[in-house]
Amino acid sequence: MIAFLIKRLMHAILVMFVISVLAFAIQDNLGDPVQQMVGQSVPESEREAIRERLGLNDPFLVQYARFAKNAVQGDFGYSYFYREPALEVIARHLPATLELVFAATLIIVLFSVPIGVYSAIKPRSPVSRFFMGASIIGISIPVFLTAILLIQVFSIGVTVSLFPESTGWGAWLNGVLSTEGNMPSFGRGYDLVHVMGHWDTNLITWDGLKHLVLPAVSLASIMLPLFIRLIRAEMMEVLQSEYVKYARAKGISMRRVYFVHALKNTMLPVITVGGVQIGTMVAYTILTETVFQWPGMGLMFLDAINRADIPLIVTYLMIVGVIFVVTNTIVDLIYGFVNPTVKLTGKPA
Amino acid sequence: MALLEVSQLDVRFALRQGEVRALRDVNFTLERGERLGIVGESGAGKSVAAFSLLNLIAKPGFIAGGSIKFEGKTLNTMSERGLRKVRGNRISMIFQDPMMTLNPVLSIGEQMVECLKAHRRISTKEARGIALDKLRQVQIPSPEKRLDQYPHELSGGMRQRIIIAIALLLDPDIIIADEPTTALDVTIQAEIMALLLELCEQHNVGLILITHDLGVVSQVTQRMLVMYAGRVIEQGPTREIINDPQHPYTQGLINALPQMATPGEKLNQIRGSMPSLSNLPSGCAFHPRCDFINRADGQPRPACTQQVPDFVDSGNCRVACHMVAEMLEDRRLKEESL
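This is a predicted model, so every value here is computed, not measured.

## Some remarks on the UniProt feature "domain: ABC transporter" (unreviewed entry) in chain B
Inference 1: UniProt's entry tags residues 6-254 of chain B with the feature "domain: ABC transporter" (unreviewed entry), counted in the numbering of this structure.
Inference 2: Structurally, residues 6-254 of chain B is divided into 40% helix and 27% strand, and its ends, taken at the C-alpha atoms, are 26 Å apart.

## A few points about the nonpolar core
Inference 1: Membership of the largest hydrophobic core comes to 154 residues, with the highest contact counts inside it found for L169 and I208 of chain B.
Inference 2: Ignoring anything within four residues of it in the chain, the contact list for L169 of chain B reads M112, C115, L116, I130, A131 and K134 of chain B.

## Re the pairing of strand β3 (residues 35-39) of chain B
All names here are of chain B.
Inference 1: Counted residue by residue, β3 has five buried out of five residues, so it is predominantly covered.
Inference 2: Because side chains alternate across β3, one face comprises the buried residues R35, G37 and V39, and the other comprises L36 and I38, equally buried.
Inference 3: When β3 meets strand β9 (residues 223-228), the two strands line up parallel, connected through four bridges. Across the sheet, V39 pairs through a bridge with V226, a residue of β9.

## Overview of the sheet that holds strand β8 (residues 206-210) of chain B
Residue and element names in this part refer to chain B.
Inference 1: Strand order in the open sheet made by the eight strands is β6-β7-β8-β3-β9-β10-β12-β11, with mixed pairing throughout. On the outer flanks of this sheet lie β6 (91-94) and β11 (311-314), each paired with one strand and no other. On average, each strand axis in the sheet is tilted by 20° relative to the strand beside it, whichever way the strands run.
Inference 2: Sitting on the sheet, helix α13 (residues 322-337) touches β11 and β12 (317-320), and the angle it makes with β11 is about 50°.

## A word on the pairing of β12 of chain B
Residues and elements named next belong to chain B.
Inference 1: Pairing of strand β10 (residues 231-237) with β12 involves two bridges; the strand directions are antiparallel. Within β12, the position partnered with E234 by the bridge is V319.
Inference 2: By the bridge criterion, four bridges tie β11 to β12 in an arrangement that is antiparallel. Residue D313 lies in a different strand from β12, and its bridge partner there is R318.

## Let's talk about unusual backbone geometry
Glycine aside, a negative phi is what most residues show, and trans is what most peptide bonds show.
Residue and element names in this part refer to chain B.
Inference 1: Cis peptide bonds are those with omega within 30 degrees of zero, and the linkage from K59 to P60 qualifies with 5°.
Inference 2: Here P60 is to be found in the loop between α1 (46-53) and β4 (61-70).
Inference 3: Phi at Q8 takes a positive value of approximately 50°, unusual for a residue other than glycine.
Inference 4: Locating Q8 in the fold gives a position in strand β1 (residues 4-15).
Inference 5: The exposure class assigned to Q8 is exposed, which follows from the 11 C-beta atoms found within 10 Å.

## Considering the environment of Q17 of chain B
Inference 1: Mapped onto the fold, Q17 of chain B is located in the loop between β1 and β2 (18-30).
Inference 2: Between the alpha carbons of Q17 of chain B and P258 of chain B there is a distance of 39 Å; along the sequence they are 241 residues apart.

## Some points on the packing of helix α6 (residues 126-140) of chain A against helix α9 (residues 206-239) of chain A
Residue and element names in this part refer to chain A.
Inference 1: Look at α6 against α9: their axes get within 8 Å of each other, and the N-to-C directions meet at 140°. Viewed along their axes, α6 and α9 adopt a mutual orientation that is oblique. α9 is crossed by α6, and the crossing has left-handed handedness. On α9, the residues that touch F131, S135, G138 and I139 of α6 are S221, I222, L224, P225, L226, I228 and R229.

The rules behind each value
Residues numbered from 1 in each chain as written. Chains lettered and ligands numbered in written order. Predicted model: local features only at pLDDT ≥ 70, side-chain atom pairs only at ≥ 80, totals over all residues. UniProt positions renumbered as here; feature names shortened; annotations may be inferred. Helix = DSSP H or I, 4+ residues; strand = E, 2+ residues; numbered from the N terminus. Core = buried A, V, L, I, M, F, W, Y, C linked by C-beta atoms within 7 Å. Buried ≥ 20, exposed ≤ 12 C-beta atoms within 10 Å, placed from the backbone. Contact = placed C-beta atoms within 7 Å. Pairing = 2+ DSSP bridges. Axes fitted to C-alpha atoms, helices over the stretch in contact; angles between N-to-C directions. Parallel < 35°, antiparallel > 145°, perpendicular 65-115°, else oblique. Left-handed = near helix turned anticlockwise from the far one by under 90°.

The following block contains the structure:
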């Protein structure tokens, strides 16, 4: 176990090293940070002086070595735009993103498991067919489009007048299909509760939760159908297995056959995929946060790219790399816990 | 009344091309403590027969007709709830491949305890006690350790012992064993079979043994059925069928045993292969592979290709074959004329 964690720590260091080199290597193509800092009116000689002072004229390896030396000591440099440590800027934006990802994950887990299991047990029922069809549509629509649709329907509101208003049923149908559009679509709201450090939470006030709903749903909209289909496919395969047949032959209840014998085996591959996807979701927040102006890391990263704020970009990429390694490690720990045939060791399998 | 009475069992599979009849006109009985063997090539319907007894055939298969009576109660029309009380409790099963039968993520103890708890109101502690006792009966080394182990930590032979222990957990009346030794190594096969036989005798448990190993059938069972293309074609006391098989197919099976071949010569075989159930030959399903469709005068017997043979009694056995029927008829006529 300890050997396993040490091995993972080495992984994390390697991942961060590779990411930092890559991020550093692309910086020349991101535009001129000095231009972003000082604007048009400053003369070229002064710009050159700033470049020299920031060390931007040094060769790549010198710049990288300087960065790496500081990074090892926890100093990732100053954000050009915010003029404060990049890590500090990230720390301020991280909680919003993590809460968003957490809410989306919760939505995915709460809905994908029951729907996936149901549609595996009753593959021919109309409800399952509906979910299978809907999930195809869900996978096909890009996140930002889903987000815009959600805003239109739930924040702006739609008035349906498709059916004749004069008839009773027409008016009723129009009424049912129309939406009021009172959901907030912008930012985290002002009713945040301070928890600790940079962490203000959306999760415990009514207004905070309302602000969280649409971004979380749109972030979940890609992964949820994927997970429904994955769970369904795995479960259907497991239900064909000999041990499920045998469990039935033992005379135990179908509920136990489905939820103990079948579901436990179904979840093994789902956990593996799920872990990677949570990491991916952190990356997807860039789109969601931009559409909903959610003040998290994703939005910050997009701004940093626009401003050629290289220290911030590099730090962001490294933090996301760490999040990937950490979630994968947690997933592997959970997997080892659920699957008795896996023993966690430091040795390669 | 026999413990188990199967009559006119008809099992079909609803496939896209239409219904396929996997079993038809299957009749047999099993007395308390009796051991019955079901033999035949792959695809003859042996396993379907075994699984349909507890109504466990997977969709699109279904029981289309006939009846399965256990202690006078008809199993095939019983509710799922009622069946569950019989499954694993009065009638338990042993599956073919012990590597696939046990759930890989549940401990042996859990898989034994859940079975006991499904049928009896007992505490987990009591259930573990019973489980341990059964593990001792199947002579597993250090049984205490096994309850907390997982299937992957045990060998195939050990797993099959555990499955036998699970089959015995609730002291059933009948065990249905679907090729219990096929997936095991030869040296283990004999051990497992001997163990199963011993435990069945000791507890007076009826056994339905499905196998294609005629050697095992002759050692273990008292009566046997020979199946071909979804039908029973010969049934009777095991010893009589093995010593004096009547049906050409049964003769072929026995001839195909390696010990029947002359050393250095090719092994005997039945030419051709089992027909597809969706496209059965006319008349007797075995006729394209049969060496006896010609009469004594060298002319083919028309009935073989035109008419499904009925059962005839030959001594203690019942055989579905036109050739045997003709022989018996000739013999009867001869005796009458004397």
